[in-house]
Amino acid sequence: MHLKLKAILDATSASRDFERNIREFERNIREFERSIASLIEDNTDASLFVLVQMLYEKNLSYSASHALLCASLCRLLSTHAELSPEELTSLCNAALTMNIGMSSLHDLLAHQNSEVTADQRRSIVSHPAVGRQLLSNKGVQDKIWLQIVQDHHAVLPEIPDAGHERRIHIATRMLQLADIFVGSISPRSTRPGLLSRQGALKIYKGEEGKPNLLGAAFVKSIGIYIPGSYVKLANGEVSVVIKRGINAHTPYVASIIGMRGAPNQDPVLRDTSEVAPFV
């Protein structure tokens, strides 16, 4: 799935058989969306674990890993947005393709040690509009899909009171939060990723530093410690989160490094609601 999505995102030029290329592109994206829906429904924690772990794999396309996790988080968050099935599909399709306007650059920046150049900065700023145009060129006619891609970095106006506009506003904001969270916990050559707790707090408080309803829904859905992320227990053990707990702050973990700093040959499973808190 990962390699196929990378190939789709990188293939921005139309083939000679334009009509066949259009049909294949949209069919492939919709197949990805359905696969993600099935995975999240069947085994949410295992799916999140694998997708978060992909962020740490330097040999994988970061852009594809980022897109798959964002789409999964949007699917998970959708229970708080009252989206119609069609609107939810549009949102997830947008999550998968939001960075199609800078897919190769997205991968490059994940491993680049130097500062972002002026040309790269211009590409970053323009990629939402470029992405929408590329999707249109590929035959995408779904207005919600296209609008969310164009607005996924935009400063949104005040949220509408009700109706379709309100739902699409919230859907766009959901993608923005997922994008921010995944970007924040992803390691770069120039910096380590934030701890999941730090990324979740950033989402929960928002840009104004105050708790907000959508940020709270985000944390409630994924937990403070998302599966696949790493934590350190107060007893000194280093663990990987394997499953969300009953509460957002008490996941199930597998301790992989013991309290004395030696790797555990067999990971020790812990329910953090019953052990010492995190460092």
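Residues numbered from 1 in each chain as written. Predicted model: local features only at pLDDT ≥ 70, side-chain atom pairs only at ≥ 80, totals over all residues. Heavy atoms only, no water.

A. Spatial organisation of the packing of aromatic side chains. Inspection of the entire model under this criterion finds two aromatic pairs. A centroid spacing of 5.6 Å and a plane angle of 65° characterise the contact between Tyr56 and Tyr230, whose relative ring orientation is edge-to-face. Here the residue Tyr56 occupies a position in the loop between helix H3 (44–54) and helix H4 (62–77), and Tyr230 occupies one in strand E1 (residues 230–232), the gap between them amounting to 174 residues. Judged by relative accessible area, which is 33%, Tyr230 ranks as partly exposed. Its guanidinium or amino end placed over the ring of Tyr252, Lys243 lies 5.6 Å from that ring's centre, counting from NZ or CZ. (Phe/Tyr/Trp six-rings, centres within 6.5 Å; stacked < 30°, edge-to-face > 60°. Helix = DSSP H or I, 4+ residues; strand = E, 2+ residues; numbered from the N terminus. Buried < 20%, exposed > 50% of the residue type's maximum accessible area, 1.4 Å probe, protein only. Lys NZ or Arg CZ within 6 Å of the ring centre and 35° of its normal.)

B. Structural view of helix H5 (residues 85–97). The end-to-end C-alpha distance of H5, which contains 13 residues, comes to 19 Å, matching closely the 18 Å that a straight helix rising 1.5 Å per residue would cover. For H5, the buried fraction is high: 11 of the 13 residues fall into the buried class. Those residues of H5 not exposed but buried are Glu87, Leu88, Thr89, Ser90, Leu91, Cys92, Asn93, Ala94, Ala95, Leu96 and Thr97. (Expected span 1.5 Å × (residues − 1).)

C. Seen up close, the pattern of salt bridges. Per the stated rule, a full pass over the model turns up nine salt bridges. We note a salt bridge from Glu31 to Lys4, for which the minimum N-O separation is 3.8 Å. Within this pair, whereas Glu31 is found in helix H2 (residues 18–42), its partner Lys4 is found in helix H1 (residues 2–10), the two being separated by 27 residues in sequence. A relative accessible area of 33% places Glu31 in the partly exposed class. (Salt bridge = Lys/Arg side-chain N within 4 Å of Asp/Glu carboxyl O.)

D. Here's a closer look at helix H6 (residues 103–111). Inspection of H6 places Ser103, Leu105, His106, Asp107, Leu109 and Ala110 among the buried residues, and these make up the whole buried set. Close packing links the buried residues of H6 with H1, H4 and helix H7 (118–137). (Contact = heavy atoms within 4.5 Å.)

E. Fine view of the environment of Arg23. Positionally, Arg23 belongs in helix H2. Residues Arg23 and Lys138, 115 residues apart in the sequence, show an inter-C-alpha distance of 8.5 Å.

F. Main features of the sheet that holds E1. Reading across from one edge, E1-E2-E3-E4 is the order of the four strands in this open sheet, with antiparallel pairing throughout. Two strands lie at the open edges of the sheet, namely E1 and strand E4 (263–271), each paired on one side alone. In this sheet, neighbouring strand axes are inclined to one another by 35° on average, regardless of whether the strands run parallel or antiparallel. Inspection of the sheet shows strand E3 (residues 252–257) paired to E4 by five bridges, in the antiparallel sense. Each bridged residue has a counterpart across the sheet, and for Tyr252 the counterpart in E4 is Asp271. Lying on the sheet, H3 is in contact with E1 and strand E2 (238–243); it crosses E2 at an angle near 135°. (Pairing = 2+ DSSP bridges. Axes fitted to C-alpha atoms, helices over the stretch in contact; angles between N-to-C directions.)

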